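What the coordinates show
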Amino acid sequence: MPRPIYAEIDIQALKHNLARLRESVGDRTLWAVVKANAYGHGLENAVEAFADADGFATIDLCDAERARRAGWHKRVLLLEGFFDETDIEPLQDLDVETVVHSMWQIDILKRLQLREVKVHIKVNSGMNRLGFLPVEVGTIYDLLTSIPGVKVMGVVTHFANAEPSYLGDAPASVSRQLTRMGRLAHSATAACMANSAAILWHPEVGGDGVRAGVALYGVSPDSHISSEELGLIPAMTLSAKIIAVQEIAPGEAVGYGFGCHMIPRRFGGNPAFGVPRICSLPKPDSPLIGFDAPRHEIPGNFGRMPKEHQQNALSHRVQGACVSYLFLPQPFESVGTLGGREPAWLV
């Protein structure tokens, strides 16, 4: 049998989150970001749940092909563009739009005979990963429009720090990135700038398109603000059977790097996915699950074992119990913070 690990996806929660974000963006083009197998929620599930989105945004061309096979007939955008010239033919066959962020991509387009390739010019407004500088956009636009078969759809950029907890006077704030964008920041058309955080907290960001990522899956982009406060519903529950129990003496530690330290005597249960490991408290009415992170233990109801297994856990008869890790009553954002991880990275 396969490892006893289970991920349950709530399609209605995904639909709810899309509707919640649609309320914020109005009639602007809403791209649903479905990279990494829809953040682990399943691309086919995304096709069903995000039927009311205007397009899909992803990384790999194979994802676009898979979405088409699953019945997605709307727009698809490659966020990092194509990777070599062998991508161009299937890109056209699948009617997939692509970001162009570097001159080498333009060189490829120049030397090929194209039917129609729809491109979005990536602008580096301060995140410093991909894109042309704002002052270069005019020249890049002229280069692209001079290539037969190329159709420029507009410009895209990405905000590095659109969360409220990020200091406004820091180097890559939204206001500073908008300033770097110059006139492009005030374009009402042909621009896609807002990510999940900008959709939720920065109505001043213009453009006729937005890209919704982690928020679609019920995760707050800011670890200091819960998904519940934003009206979002986490859509995944991850569970695993406990396959082993160890009695751990005071002063002993658990896991790589000895991240979870035992003060009183505890019992540790190992789920089928190995990490994060868990450590149980010795009182039946206490939360039994802790997070394997430096000197932290998750309070409240996060990952709580069913009550009928609590006494068994204390007597080493817990094998076969099932413990859920994500998206339980404890706010997901606090779980990520206590575990030393940003919530988005746990999805």
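Digging into the overall build of the protein chain
- Secondary structure summary: the protein chain contains 12 helices and 15 strands in total.
- Across the 347 residues in the protein chain, those meeting the buried criterion constitute 51%.
- Long-range pairs, those at least 24 residues apart, make up 57% of the contacts in the protein chain with a sequence separation of at least 6.
- Here the protein chain displays about 16100 Å² of accessible surface, and carbon together with sulfur accounts for 53% of that area.

Quick notes on helix α1 (residues 11-25)
- For α1, spanning 15 residues, the distance from its first C-alpha to its last is 21 Å, which sits close to the expected 21 Å at 1.5 Å a residue.
- The secondary structure elements touched by the buried residues of α1 are β1 (5-9), β2 (29-33), α3 (43-49), α9 (196-201) and β9 (209-212).
- The N-terminus of α1 is capped by aspartate 10, whose side-chain oxygen sits 3.1 Å from the backbone nitrogen of glutamine 12.
- At the exit of α1 stands glycine 26, carrying a positive phi of roughly 65°.

Considerations on the pattern of salt bridges
- Under the criterion given, the structure shown has eight salt bridges.
- For the salt bridge of arginine 22 with aspartate 54, the shortest nitrogen-to-oxygen distance reads 3.0 Å. Residue arginine 22 is found in helix α1, and its partner aspartate 54 is found in the loop between α3 and β3 (55-58); the two are separated by 32 residues along the sequence.
- Given a relative accessible area of 28%, aspartate 54 falls into the partly exposed group.

Let's talk about the packing of aromatic side chains
- Per the stated rule, a full pass over the model turns up four aromatic pairs.
- With a centroid separation of 4.8 Å and 40° between ring planes, the pair formed by tyrosine 39 and tyrosine 217 is classed as tilted. Residue tyrosine 39 is found in helix α2 (residues 35-39), and its partner tyrosine 217 is found in the loop between β9 and β10 (236-248); the two are separated by 178 residues along the sequence.
- Residue tyrosine 39 is classed as buried on the basis of its relative accessible area, which comes to 13%.
- Residue tyrosine 217 is classed as buried on the basis of its relative accessible area of 1%.
- Ring centres 3.8 Å apart and planes at 5° place the aromatic pair phenylalanine 56 and tryptophan 72 in the stacked group. You can see phenylalanine 56 sitting in strand β3 and its partner tryptophan 72 sitting in the loop between α4 (61-69) and β4 (75-78), a full 16 residues away along the chain.
- With a relative accessible area of 1%, phenylalanine 56 lands in the buried category.

Details of helix α6 (residues 103-111)
- Inspection of α6 places Gln105, Ile106, Ile108 and Leu109 among the buried residues, and these make up the whole buried set. Across the axial projection of α6, the buried residues extend over an arc of 155°, all falling on one side.
- On its buried side, α6 packs onto α5 (88-93), β5 (97-100), β6 (117-122), α7 (137-145) and β7 (150-156).

Some thoughts on the side chain of asparagine 17
- For asparagine 17, the position within the fold is in helix α1.
- Non-local contacts of asparagine 17, meaning those with residues more than four positions away in its chain, are made with Ala215, Leu216, Tyr217, Gly218, Leu232 and Ile233.

Thoughts on the environment of asparagine 161
- If you trace the backbone, asparagine 161 turns up in the loop between β7 and α8 (174-181).
- With residues up to four places along the chain from it excluded, the contact list for asparagine 161 reads Tyr166, Ala172, Ser173, Val174 and Gln177.

Considering the nonpolar core
- Counting residues in each nonpolar core, the largest one holds 81 residues, and the members touching the most others are Phe50, Phe56, Leu109 and Leu144.
- Top element by residues in this core is α1. It accounts for six residues.
- For leucine 144, the contacting residues outside a window of four places in its chain are Ile106, Leu109, Val119, Ile121, Val150 and Val152.

Digging into unusual backbone geometry
- Even without being a glycine, asparagine 37 presents a positive backbone phi close to 55°.
- If you trace the backbone, asparagine 37 turns up in helix α2.
- Of note in this structure, asparagine 128 is not a glycine but carries a positive phi near 65°.
- Tracing the backbone shows asparagine 128 in the loop between β6 and α7.

Focus on the side chain of serine 196
- For serine 196, the position within the fold is in helix α9.
- Residue class for serine 196 comes out buried when judged on its relative accessible area of 6%.
- Leaving out residues up to four positions away in the same chain, serine 196 has contacts with Arg211, Ala212, Gly213, Val214, Ala215 and Pro221.

Calculation criteria
Residues numbered from 1 in each chain as written. Predicted model: local features only at pLDDT ≥ 70, side-chain atom pairs only at ≥ 80, totals over all residues. Heavy atoms only, no water. Helix = DSSP H or I, 4+ residues; strand = E, 2+ residues; numbered from the N terminus. Buried < 20%, exposed > 50% of the residue type's maximum accessible area, 1.4 Å probe, protein only. Contact = heavy atoms within 4.5 Å. Areas by Shrake-Rupley, 256 points an atom, 1.4 Å probe, with all protein chains shown as cover. Expected span 1.5 Å × (residues − 1). Polar contact = N/O pair within 3.5 Å; in protein donor to acceptor, adjacent residues only side chain to side chain. Salt bridge = Lys/Arg side-chain N within 4 Å of Asp/Glu carboxyl O. Phe/Tyr/Trp six-rings, centres within 6.5 Å; stacked < 30°, edge-to-face > 60°. Arc of directions from axis to C-beta. Core = buried A, V, L, I, M, F, W, Y, C linked by side-chain atoms within 4.5 Å.

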